[in-house]
Structures are given as C-alpha cells and as structure tokens.
Amino acid sequence: MLAAVGLVAGAVACKSPAEKQLDAGRRAFGRGLYQEAINHYGELVLQMPESPEAARALYEQGMIYYLKLRDLDTAFVNFRKVITEHTDSPIAKDARLMLARMYQEDRGEHEKAIREYERLLEEMENTEEQKAILLSLADSYYELDDLARAAEHYQRVIDLADHADDPGADAAFLRRALIDALEGRREEALGMLEDLLEKTDEPEARHHAYVSAAEIRLLSNEYEQAEALLARANREFPEDGKLFELADRVKRQERDGRSLDDGTIESQALLEEMQRNISWGRGRRQRTARR
C-alpha cells in the first residue's frame, strides 16, 4: 500500500513545469475562473513555446475565448497559431475543425470553411467523423448556392449512414430533397422524403418529411395526395398545429383554383417555408427559388 502511494506521489512529482502549468489552467477553468486559466495558459506558451503542452494551452485558451468570453477574434488567432506553430501536434486537427466552424458559422466565409473541411476529410478515418465533415461541407456549398456539390455531399452522408437514429443522415435526406425541389425535380424529392420516412423513427425528422412532402404536392396542385400525406402525418402527430395549418392551405388552394406552378411568388414562398422547416445545420438565406 505504501509502495503504491509512493508511486503516485512520484508520478505527480515527475510532472514537467509545462504539465504543471497546463494542469493549473485546467483547474482554474473547472472552477469558472476563466481569466486565471487564460493567464496560466499564456504563461506556459510564453515560457515553453516549443513544448507539446503549449499547443494544448493555445487550443484550450481559444476555447475559453470562443465558448465562455465570446471573443471570437482572439479565439480565431489562438486556433490559427495551433495550426501554424504546432502542425504536428495531435490537437492541430481539433484546432482546424474549430477554424472551419468559425469560418462557416461565425464569419460566413464558406469558401475558406470548405478548404479547411476538405483538409480535415483527408485525415478522418472514423466514419462518424467523416459524416460530420461531409455534412458541414454540404451545408457550406448550400450556402454558396452550389446546389450540385451540396447534393453530392449530402448523398455521401446518406451512403455512409447506418440509418438507425442518425440525425446527420436525417438532415442529409431533408436537404437533398429540398435541393431536388428547388431544382424542379419534385418526384425525386418526394422519393427522397419517402425513403426517409421508411428509415427513421426520429419524430422531428418524420414531421419535417411529412410537411415538406405535402408542400411539394401543393406546389404541383396535387391536392388529394397532399391530403393523404397529411392524414398519415396526423395519425402520428395528432392535434399538431402545423399540420392543421397546412391542411387548411390545401383546402383553400383547391377551392380557389390557384396554380402555384408558374413561378409566382407563392411558389417561392412555399420552398422557403420548406427551408425554415429544416432545423439541422445552417439553412440557406432566402433566395429566389430555382426552376
């Protein structure tokens, strides 16, 4: 027993100054003392800039600035330093992922996000990591209005998915269907949504699939099919206000005899409503609907 205690004490005593400083920063972070943690990390980087711990200190300092202090510029500088000054560090991949995320979500610089995600994709061996990167790539292409490449990457997510409660695959199915609808391939879009309904049990994804499919039927003035879809959806989601609203729109449009298949503003509005119904990832900003 005494020997075991001695081994533990010896291990603690053998920690390098860099490790001790890193531990001090982490302890301060755990107590919510963010500025104290930043000071410990900064001291480590200043005194031992070439150490492996310096790369982690820069990264963890960046995460404090990003998540806790919301100083995005300083966080960005930290992640960039990890990549440029500690290229071979195991933490460099995580820093590149944060840079890509910031380009995509915080800066709206999707071309730069794509470059970072493409580099990351080459390094990813785990299928779950690959799917996450492909989904982010697809969302970035979607934001850039490059729908062909977006559809290609969403399809790659679908092809990799072992579809059992896979929210990434759900998102890819919904976005791929929306792209088909935006490009005028409505039957393909409906087929994609039916595939999703066959594969997922996730309630939110199923609700979005029903609503989007009904919207597409409404675009083509296919009232009976739209009503049948909504009846199916209502059995799963009784008393759902969104479904009641959509059913009312179907009845009013059928009664009024309006055609929404002529490129009017109503057609654009329906496609934009489909976009708003998809909650995963970053939806495209409103643009003129494609024909």
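Residues numbered from 1 in each chain as written. Predicted model: local features only at pLDDT ≥ 70, side-chain atom pairs only at ≥ 80, totals over all residues. Heavy atoms only, no water.

**Comments concerning the packing of helix 4 (residues 52-69) against helix 6 (residues 92-106)**
So, step 1. Put simply, helix 4 and helix 6 touch, their axes get as near as 11 Å, and they point 25° apart. Relative to helix 6, the element helix 4 lies roughly parallel. As helix 4 runs across helix 6, the sense of the crossing is left-handed. Contacts from Tyr59, Met63 and Tyr66 in helix 4 reach Asp94, Ala95, Met98, Arg101, Met102 and Asp106 in helix 6. (Axes fitted to C-alpha atoms, helices over the stretch in contact; angles between N-to-C directions. Helix = DSSP H or I, 4+ residues; strand = E, 2+ residues; numbered from the N terminus. Parallel < 35°, antiparallel > 145°, perpendicular 65-115°, else oblique. Left-handed = near helix turned anticlockwise from the far one by under 90°. Contact = heavy atoms within 4.5 Å.)

**Concerning the layout of surface pockets**
So, step 1. Counted as a void, the second largest pocket has a volume near 160 Å³.
So, step 2. Every residue lining the second largest pocket is listed: Leu97, Met98, Arg101, Gln104, Glu105, Tyr117, Met124, Glu129, Ala132, Ile133 and Ser136.
So, step 3. Of all the secondary structure elements, the ones that give two or more residues to the lining of the second largest pocket are helix 6 and helix 8 (127-143).
So, step 4. At five residues, helix 6 tops the list of elements feeding residues into the lining of the second largest pocket.
So, step 5. Within the lining of the second largest pocket, the residues separate by chemical class into six nonpolar, two polar and three charged. (1 Å grid on protein atoms, 1.4 Å probe; cavity = no way out; pocket = protein on both sides within 12 Å on 5 of 7 lines; lining within 4 Å. Points joined across faces, edges and corners; volume = space filled by probe spheres on them. Nonpolar A, V, L, I, M, F, W, Y, C, P; charged D, E, K, R; others polar.)

**Details of the packing of aromatic side chains**
So, step 1. Taken as a whole and assessed by the stated rule, the structure comprises four aromatic pairs.
So, step 2. Ring centres 5.6 Å apart and planes at 50° place the aromatic pair tyrosine 59 and phenylalanine 79 in the tilted group. One end of the pair, tyrosine 59, is in helix 4; the other, phenylalanine 79, is in helix 5 (residues 72-85), and 20 residues separate them in sequence. An identical accessibility class is assigned to tyrosine 59 and phenylalanine 79; each is buried.
So, step 3. Ring centres of phenylalanine 76 and tyrosine 103 lie 5.4 Å apart, and the angle between their planes is 75°; this geometry places the pair in the edge-to-face category. Of the two residues, phenylalanine 76 sits in helix 5 while tyrosine 103 sits in helix 6, which places them 27 residues apart along the sequence.
So, step 4. Just above the ring of tyrosine 66 sits the side chain of arginine 70; from NZ or CZ to the centre is 4.9 Å.
So, step 5. The positively charged end of arginine 107 is found above the aromatic ring belonging to phenylalanine 76, 3.7 Å away from the centroid. (Phe/Tyr/Trp six-rings, centres within 6.5 Å; stacked < 30°, edge-to-face > 60°. Buried < 20%, exposed > 50% of the residue type's maximum accessible area, 1.4 Å probe, protein only. Lys NZ or Arg CZ within 6 Å of the ring centre and 35° of its normal.)

**Describing helix 14 (residues 241-256)**
So, step 1. Taking 1.5 Å per residue, 16 residues should reach 22 Å; helix 14 reaches 22 Å between its end C-alpha atoms and fits that length.
So, step 2. Within the span of helix 14, buried status applies to Lys242, Leu243, Leu246, Arg249, Val250 and Gln253. Angular distribution of buried residues about the axis of helix 14 spans 120°; they occupy a single face of the element. Seen from the open side of helix 14, the exposed residues pointing more than 90 degrees away from its buried face are Lys251 and Arg255.
So, step 3. Residue aspartate 240 occupies the N-cap position of helix 14, its side-chain oxygen lying 3.1 Å from the main-chain nitrogen of lysine 242.
So, step 4. Backbone geometry just after helix 14 places glycine 257 at a positive phi near 70°. (Expected span 1.5 Å × (residues − 1). Arc of directions from axis to C-beta. Polar contact = N/O pair within 3.5 Å; in protein donor to acceptor, adjacent residues only side chain to side chain.)

**Points about the confidence of the model for the protein**
So, step 1. Summing up the model confidence of the protein, the mean pLDDT is 86 and the portion of residues at 70 or higher is 83%.
So, step 2. With pLDDT under 50 throughout, residues 260-265 is counted as low confidence; its partners more than four residues away or in other chains account for ten contacts. (pLDDT = per-residue confidence, 0-100.)

**What to know about the side chain of serine 51**
So, step 1. Mapped onto the elements of the fold, serine 51 is located in the loop between helix 3 (34-47) and helix 4.
So, step 2. Take serine 51: its relative accessible area is 12%, and that puts it in the buried class.
So, step 3. A distance of 2.8 Å separates a polar side-chain atom of serine 51 from the backbone oxygen of methionine 48.
So, step 4. With sequence-adjacent residues up to four places away left out, serine 51 is seen in contact with Ala18, Leu44 and His86.

**Section: the pattern of salt bridges**
So, step 1. Taken as a whole and assessed by the stated rule, the structure comprises 22 salt bridges.
So, step 2. Close ionic contact of arginine 96 with glutamate 116 constitutes a salt bridge, the shortest N to O distance being 2.5 Å. Here glutamate 116 lies in helix 7 (residues 110-123) and arginine 96 lies in helix 6, a separation of 20 residues in the sequence.
So, step 3. Its relative accessible area of 4% is what places glutamate 116 among the buried residues.
So, step 4. The closest approach of N and O atoms between arginine 232 and glutamate 194, which form a salt bridge, is 3.0 Å. Of the two residues, arginine 232 is situated in helix 13 (residues 223-236) and glutamate 194 in helix 11 (residues 186-199); the sequence distance between them amounts to 38 residues.
So, step 5. Given the relative accessible area of 28%, arginine 232 is considered partly exposed.
So, step 6. The partly exposed category is assigned to glutamate 194, whose relative accessible area is 30%.
So, step 7. One network of salt bridges, in which partners are shared, links Asp73, Arg107, Glu109 and Lys112. (Salt bridge = Lys/Arg side-chain N within 4 Å of Asp/Glu carboxyl O.)

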